[in-house]
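Here is what each chain is made of, one letter per residue.
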Amino acid sequence: MSRTTLPTAASLNERQAGQTFKQHYDAVRQAQTDRLAAMQTLTDNAGVAGRSLLASEQREFDAHDDEVRRIGIILRRLDNSPENQVDRSQIVIASGDPGVRTTAPELPLLTRGQSFADWTARSGHGAPQPAQDVRLGALLRTWVTGRRDGLNDSELRAMAEGTATAGGHLVPTPTAGQLIDRARNVSRVFQAGATTVPMDSQTLKVPRLTGSSAPAWRNENAAIAEGDLTLDAVTLTARSMAFLVKMSRELIEDSDPSIVGVVERDLAAQVALELDRVALRGTGTAPQPRGVLNQTGVTVTTHGANGALIAADGFNYDALIDAQAAIRAFNHEPTGVITAPRTEQGLAKLKDAEGRYLQPPAGLLTRYPTNQVPIDLTVGTSTDCSEVYTGDWAQLYFGLRTGPMTIQLVERYADTGQVALLIWMRGDIALAHGEAFAVDTGVRG
């Protein structure tokens, strides 16, 4: 089906006479699906022929992409319409099996193995995910030098898709999705199992089930036991994070092709470190999200008025076992432990009375060391304390509203021969259930 025969966003914007809300909604959704399919057909045909898109095909691809974005706006408006009686919420089970969830397409919960970039493509927030990655470093090199050699087909399309603004270039949507996926792969809280919740609005409520009826045995003719479901919601409110990275034009020109990989790795690492820090220790005072340590319901265990040294008679494997047990007491299954590297070193050096290294007991969880857990906290008279975080990390929600979006600034630092990348994102941290986490404080050595 050619793009000339497909409905446009303009023709779908208003409901037709005699058309029900559901018929209108289904028509808009089908139009979006047809556009995405047409784009995929264009790229598939070119791939089979072993060539890039022809100029005419590229124009058709871009036209479809523009309509997909416009149709996506209409869909989001219809989703929020009072007439939309379809329950698209996602309820998180708090009792019984804490890992069970009902899945709804409008409010996905992305686990560590699921791609945010893929979700943006499937949900109409961008073009279908290309077979090749769009490398931010490759786009930056081309914007600075004007050279297009070495670009893959996906990057050539992205160059046409990227928006030129006053003083800069806005990096296209697929690259932003790939960058957050790289950051999630590096982040310790995501490696431990944290959940990504894409946000289509500034605030998002995720319903959760906090209590339910329980089956009971009964005698013949006896009344059936009653019970009520108890619901509340976790609220995510998008907050902004941004930073600026400056580079010399000479660095970009002379480091080809290594700059292509260096940029993505460094930006992903910086984003991942900040996500780890705020997820664990965010204060909750605007503009920071609230991290695990400062959430309600979390089990916090102190170790002495002045902290406890890592040793057989101080902080040891018993503390890790106790933290896991505290979480299981609330019917949650912990998935990992996040520590400071120094804590890992201290645990690895535990010895028995004869100087032999202690073997960790069976059943301990995987530990994920990160320097975002500090080792200079003050507890009593000690100034060298740290913390240990144990949790069912799937219960930590990272709401992602925007980004990380990237603008390459071409004018601001032109007089010093530099270019800059402005990176920003909007998101929030929330715990589905605070009792799914335990924090040990005052850990020394």
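Criteria and thresholds
- All residue numbers refer to positions counted from 1 along the written sequence of the respective chain.
- Reporting of local features is limited, given that this is a predicted model, to residues whose pLDDT is at least 70; pairs of side-chain atoms are given and counted only at 80 or more, and all residues count toward the totals for whole chains, interfaces and linings.
- Each side-chain value is worked out from all heavy atoms of the structure, with water and hydrogens disregarded.
- Secondary structure is summarised from DSSP: a helix means a run of H or I of at least four residues, a strand means a run of E of at least two, and numbering begins at the N terminus for each.
- Pairs of residues are marked as contacts when any of their non-hydrogen atoms sit within 4.5 Å.
- Each accessible area is a Shrake-Rupley estimate made with a 1.4 Å probe; only the visible protein chains count as cover when residues are assessed.
- Angles shown run from 0 to 180 degrees and are taken between the N-to-C directions of axes, each axis being a line fitted to C-alpha atoms and, for helices, limited to the stretch in contact.
- Orientation is classified from the angle alone, with under 35 degrees giving roughly parallel, over 145 giving roughly antiparallel, 65 to 115 giving roughly perpendicular, and any other angle giving oblique.
- Each crossing is labelled by how the near helix is turned from the far one, with a counterclockwise turn of less than a right angle marking it left-handed and a clockwise turn marking it right-handed.
- Side-chain classes are defined by residue name, with Ala, Val, Leu, Ile, Met, Phe, Trp, Tyr, Cys and Pro counting as nonpolar, Asp, Glu, Lys and Arg as charged, and the others, Gly among them, as polar.
- Exposure classes here rest on a 1.4 Å probe applied to the protein chains alone. A residue is buried below 20% of its type maximum, exposed above 50%, and partly exposed in between.
- Should DSSP find at least two bridges between two strands, the strands are regarded as paired.
- Salt bridges are counted wherever a side-chain nitrogen of Lys or Arg sits within 4 Å of a carboxyl oxygen of Asp or Glu.
- Within this scheme, the nonpolar core is defined by two criteria: the residues are buried Ala, Val, Leu, Ile, Met, Phe, Trp, Tyr or Cys, and they are joined through side-chain atoms within 4.5 Å.
- Every helix has an expected span of 1.5 Å times one less than the residues it contains.
- Aromatic contacts are taken between Phe, Tyr and Trp rings whose centres are within 6.5 Å, Trp giving its six-membered ring; a plane angle under 30 degrees counts as stacked, one over 60 as edge-to-face, and the others as tilted.
- Each residue carries a pLDDT score, the predictor's own confidence in it, on a scale running from 0 to 100.
- Identification of polar contacts relies on pairs of N or O atoms within 3.5 Å, with a donor-acceptor requirement for protein atoms, meaning one able to donate a hydrogen and the other able to accept it, and with residues adjacent in sequence counted only if both atoms are side-chain atoms.

1. Structural notes on the overall build of the protein
(1) Moving on: Broken down by element type, the protein carries 12 helices and 16 strands.
(2) Moving on: Of all intrachain contacts in the protein linking residues separated by at least 6 positions in sequence, the fraction that spans at least 24 positions is 75%.
(3) Moving on: Summed over its atoms, the accessible surface of the protein is roughly 21300 Å², and 51% of this surface lies on carbon and sulfur atoms.

2. Describing the packing of helix α2 (residues 21–48) against helix α3 (residues 55–79)
(1) Moving on: Look at α2 against α3: their axes get within 9 Å of each other, and the N-to-C directions meet at 155°. With respect to their mutual orientation, α2 and α3 come out roughly antiparallel. For α2 against α3, the interelement crossing comes out left-handed.
(2) Moving on: Across the contact of α2 with α3, the residue classes break down as 14 nonpolar, 5 polar and 7 charged.

3. A look at the pairing of strand β15 (residues 418–431)
(1) Moving on: Within β15, 10 of the 14 residues are buried, leaving the element largely enclosed by the surrounding structure.
(2) Moving on: Direction of pairing for strand β7 (residues 239–248) relative to β15: antiparallel, over a ladder of 10 bridges. Across the sheet, Leu 244 pairs through a bridge with Leu 422, a residue of β15.

4. Examining the environment of Tyr 397
(1) Moving on: Within the secondary structure, Tyr 397 sits in strand β14 (residues 396–409).
(2) Moving on: Taking the C-alpha atoms as reference points, Tyr 397 and Ala 279, separated by 118 residues in sequence, lie 9.2 Å from one another.

5. Points about the pattern of salt bridges
(1) Moving on: One pass over the full model with this rule turns up 10 salt bridges.
(2) Moving on: Residue Arg 70 is joined to Glu 67 by a salt bridge in which the shortest nitrogen-to-oxygen separation is 3.2 Å. Of this pair, Arg 70 and Glu 67 both sit in helix α3, 3 residues apart, roughly one helical turn.
(3) Moving on: A relative accessible area of 13% means that Glu 67 is categorised as buried.
(4) Moving on: A network of salt bridges, in which partner residues are shared, links Asp 352, Glu 354 and Arg 356.

6. Topic: the environment of Ile 423
(1) Moving on: Tracing the sequence through the fold places Ile 423 in strand β15.
(2) Moving on: Under the relative-accessibility criterion, Ile 423 is labelled buried at 2%.
(3) Moving on: Counting along the chain gives 180 residues from Ile 423 to Phe 243, while the straight-line C-alpha distance between them is 5.5 Å.

7. Remarks on the nonpolar core
(1) Moving on: Val 189, Val 292, Ile 338, Tyr 389, Trp 393, Leu 396 and Phe 437 are the most contacted members of the largest nonpolar core, which totals 29 residues.
(2) Moving on: Elements represented by at least two residues in this core include exactly α8 (188–191), α10 (259–281), β14, β15 and β16 (437–444).
(3) Moving on: Looking at this core, the element that brings in the most residues is α10, giving 7 residues.
(4) Moving on: In this structure, Phe 315, Tyr 317, Leu 350 and Leu 364 belong to the second largest nonpolar core, which totals 13 residues.

8. Some remarks on α3
(1) Moving on: Across its 25 residues, α3 extends 36 Å between first and last C-alpha, which sits within 8% of the 36 Å expected from 1.5 Å per residue.
(2) Moving on: The set of residues buried in α3 consists of Glu 57, Gln 58, Phe 61, His 64, Asp 65, Glu 67, Val 68, Ile 71, Gly 72, Ile 74, Leu 75 and Leu 78.

9. Things to note about the packing of aromatic side chains
(1) Moving on: Scanning the model with the defined rule gives 3 aromatic pairs in all.
(2) Moving on: Centre to centre, the rings of Phe 190 and Phe 398 are 5.7 Å apart; their planes meet at 75°, and the pair counts as edge-to-face. In this pair, Phe 190 is assigned in helix α8 and Phe 398 in strand β14, connecting sequence segments 208 residues apart. Side by side, Phe 190 and Phe 398 carry an identical accessibility label, which is buried.

10. A look at α2
(1) Moving on: Relative to the 40 Å expected for 28 residues at 1.5 Å per residue, α2 spans 41 Å between its end C-alpha atoms, a close match to the ideal helical length.
(2) Moving on: For α2, every residue scored as buried is listed here: Phe 21, His 24, Tyr 25, Val 28, Ala 31, Gln 32, Arg 35, Leu 36, Ala 38, Met 39, Leu 42 and Ala 46.

11. With respect to unusual backbone geometry
(1) Moving on: With an omega of 10°, the peptide bond between Ala 286 and Pro 287 qualifies as cis.
(2) Moving on: The topology assignment puts Pro 287 in the loop between α10 and β8 (299–301).
(3) Moving on: Positive phi values are uncommon outside glycine, yet Asn 221 reaches one of about 70°.
(4) Moving on: Looking at the secondary structure, you find Asn 221 in the loop between β5 (203–211) and β6 (230–237).

12. Points about the confidence of the model for the protein
(1) Moving on: With 71% of its residues at a pLDDT of 70 or more, the protein has an overall mean of 77.
(2) Moving on: Contacts of residues 85–106 to residues separated by more than four positions or lying in other chains number 52 contacts, the stretch itself having pLDDT below 50.
(3) Moving on: Contacts for the low-pLDDT stretch residues 125–131, under 50 throughout, to residues beyond four places or in other chains number 29 contacts.

13. Things to note about the side chain of Thr 339
(1) Moving on: As for its position among the elements, Thr 339 is in strand β10 (residues 336–339).
(2) Moving on: When neighbours within four sequence positions are excluded, Thr 339 is seen to be in contact with Glu 344, Arg 367, Tyr 368, Pro 369, Thr 370, Val 373, Glu 387 and Val 388.

14. Observations regarding the side chain of His 303
(1) Moving on: Tracing the backbone shows His 303 in the loop between β8 and β9 (308–309).
(2) Moving on: Of the polar contacts made by the side chain of His 303, one reaches the side chain of Asp 440; its length is 2.7 Å.
(3) Moving on: Those residues within four positions of His 303 in sequence are excluded, and the remaining contacts are Ala 308, Phe 315, Ala 319, Asp 440, Thr 441 and Gly 442.

15. Section: the environment of Glu 60
(1) Moving on: Positionally, Glu 60 belongs in helix α3.
(2) Moving on: Here the alpha-carbon distance between Glu 60 and Ala 38, two residues 22 residues apart in the chain, equals 9.2 Å.

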